[in-house]
Structure formats: structure tokens, C-alpha cells
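Overview (structure and organization)
The chain contents come next:
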Amino acid sequence: SSGINAEYGDKSTMKENKITITNDKGRLSKDEIERMVNEAEKFKAEDDAHRDRIQAKNGLEAYCFNMKSTVDDEKLKDKISEEDKKVILDKCQETLTWLD
């Protein structure tokens, strides 16, 4: 029997998905196979978009924690006013709360 194999993976989670679409004894029409392939491509696009959102969220979260750590650094104590430090820490906390 002939078939179409589709394979895609998510590099960040090392998760692989394999889809085999077979046409046993003419049970699937060409249109049905095409629809299934299109659905597989759509799900891959949704997975990619979801992965990109998670990466962006993680990047912003890491940036906020990095900024909080930087403004609390003893070496910078004299270079950042208490007012600026408070503004930075408040914005970081506001962002982290928004991300949750």
C-alpha cells in the first residue's frame, strides 16, 4: 500500500511527531489525503507559534530577574538613585505579575 509520511519535531523539547497517511484499497480520496496533510501542517504551525510564545515569555522573565539582580548589585549601589531603583524593581515586578 502506498502512503504519505510526514514528520516534524520540536527542537526545544526534543519531541517528535510522525504521521503516516495510507491509502489502503482506495479508502481515502486524494482530497481527503490533501485535507489531512493540510491539517498536519496547520498543527505544526500552531506548535511553532506556541513554542515561540513560550520562548518570548521565558526571555522576558529572565530579563526581569537579571534587571532585579543588577540593580541590587553592591557595585552599582552608588550609580543608581533609590528612586530609579524603585522604578526599575516595580516595573520588573509588574511585568512578572503580568506574565503569570
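Computed from a prediction, not measured in an experiment: that's the story for all the values here. (Residues numbered from 1 in each chain as written. Predicted model: local features only at pLDDT ≥ 70, side-chain atom pairs only at ≥ 80, totals over all residues. Heavy atoms only, no water.)

Moving on to the overall build of the protein. Secondary structure assignment for the protein yields two helices and two strands. Mapped in sequence order, the helices and strands of the protein form the string β-β-α-α. For the protein, the proportion of contacts with a sequence separation of at least 24, taken over those separated by at least 6, is 34%. Entry remark: accessible area of the protein is about 8,200 Å², with carbon and sulfur atoms responsible for 52%. (Helix = DSSP H or I, 4+ residues; strand = E, 2+ residues; numbered from the N terminus. Contact = heavy atoms within 4.5 Å. Areas by Shrake-Rupley, 256 points an atom, 1.4 Å probe, with all protein chains shown as cover.)

Our next topic: a nonpolar patch on the surface. Taken together, the side chains of Leu60, Tyr63 and Trp98 make up a nonpolar region of the molecular surface, amounting to roughly 390 Å² of accessible area. Within the secondary structure, Trp98 sits in helix α2 (residues 82-99). Exposure remark for Trp98: the relative accessible area of 66% places this residue in the exposed category. (Patch = residues over 30% accessible without salt bridge, like charges linked within 9 Å, V, L, I, M, F, W, Y side chains within 5 Å. Salt bridge = Lys/Arg side-chain N within 4 Å of Asp/Glu carboxyl O. Buried < 20%, exposed > 50% of the residue type's maximum accessible area, 1.4 Å probe, protein only.)

Further remarks concern the pattern of salt bridges. Scanning the entire structure with this criterion turns up nine salt bridges. Note that Asp90 and Lys86 form a salt bridge whose closest N and O atoms lie 2.7 Å from each other. In this pair, Asp90 and Lys86 both sit in helix α2, four residues apart, roughly one turn of the helix. Owing to a relative accessible area of 39%, Asp90 belongs among the partly exposed residues under this scheme. Through salt bridges with shared partners, a single network forms among Lys44, Asp48, Arg51 and Asp52.

Taken together, Asp31, Glu32, Glu34 and Glu41 make up a surface patch of like negative charges. Relative to the elements of secondary structure, Asp31 occurs in helix α1 (residues 30-71). (Lys, Arg positive; Asp, Glu negative; His and termini not counted. Charge placed at Lys NZ, Arg CZ, Asp CG, Glu CD.)

This part covers α2. Compared with an ideal rise of 1.5 Å per residue, which puts 18 residues at 26 Å, α2 spans 26 Å between its outermost C-alpha atoms and is within 8% of the ideal. Taken residue by residue, α2 has Cys92, Leu96 and Leu99 as its buried positions. The buried residues of α2 occupy an angular sector of 60° when the element is viewed end-on, so they sit on one face. Exposed residues on α2 whose side chains face more than 90 degrees from its buried face are Glu82, Glu83, Lys86, Thr97 and Trp98. Packed against the buried residues of α2 are α1. (Expected span 1.5 Å × (residues − 1). Arc of directions from axis to C-beta.)

Here we take up the confidence of the model for the protein. Averaged over all residues, the pLDDT of the protein equals 84, while 79% of them reach at least 70. Ranking the elements of the protein by mean pLDDT puts strand β1 (residues 3-10) last with 65 and α2 first with 94. (pLDDT = per-residue confidence, 0-100.)

The packing of two helices is summarised by the inter-axis angle and the distance between the axes. Remark: α1 packs on α2, axes separated minimally by 10 Å, with the N-to-C direction vectors making an angle of 155°. It follows from the interaxial angle that α1 and α2 lie roughly antiparallel. Of the two elements, α1 crosses α2, and the hand of that crossing is left-handed. Along the contact surface, α1 presents Lys57, Leu60, Glu61, Cys64, Phe65, Met67, Lys68 and Val71, while α2 presents Lys85, Ile88, Leu89, Cys92, Gln93, Thr95, Leu96, Trp98 and Leu99. Tallied by class, residues from the contact of α1 with α2 come to eleven nonpolar, two polar and four charged. (Axes fitted to C-alpha atoms, helices over the stretch in contact; angles between N-to-C directions. Parallel < 35°, antiparallel > 145°, perpendicular 65-115°, else oblique. Left-handed = near helix turned anticlockwise from the far one by under 90°. Nonpolar A, V, L, I, M, F, W, Y, C, P; charged D, E, K, R; others polar.)

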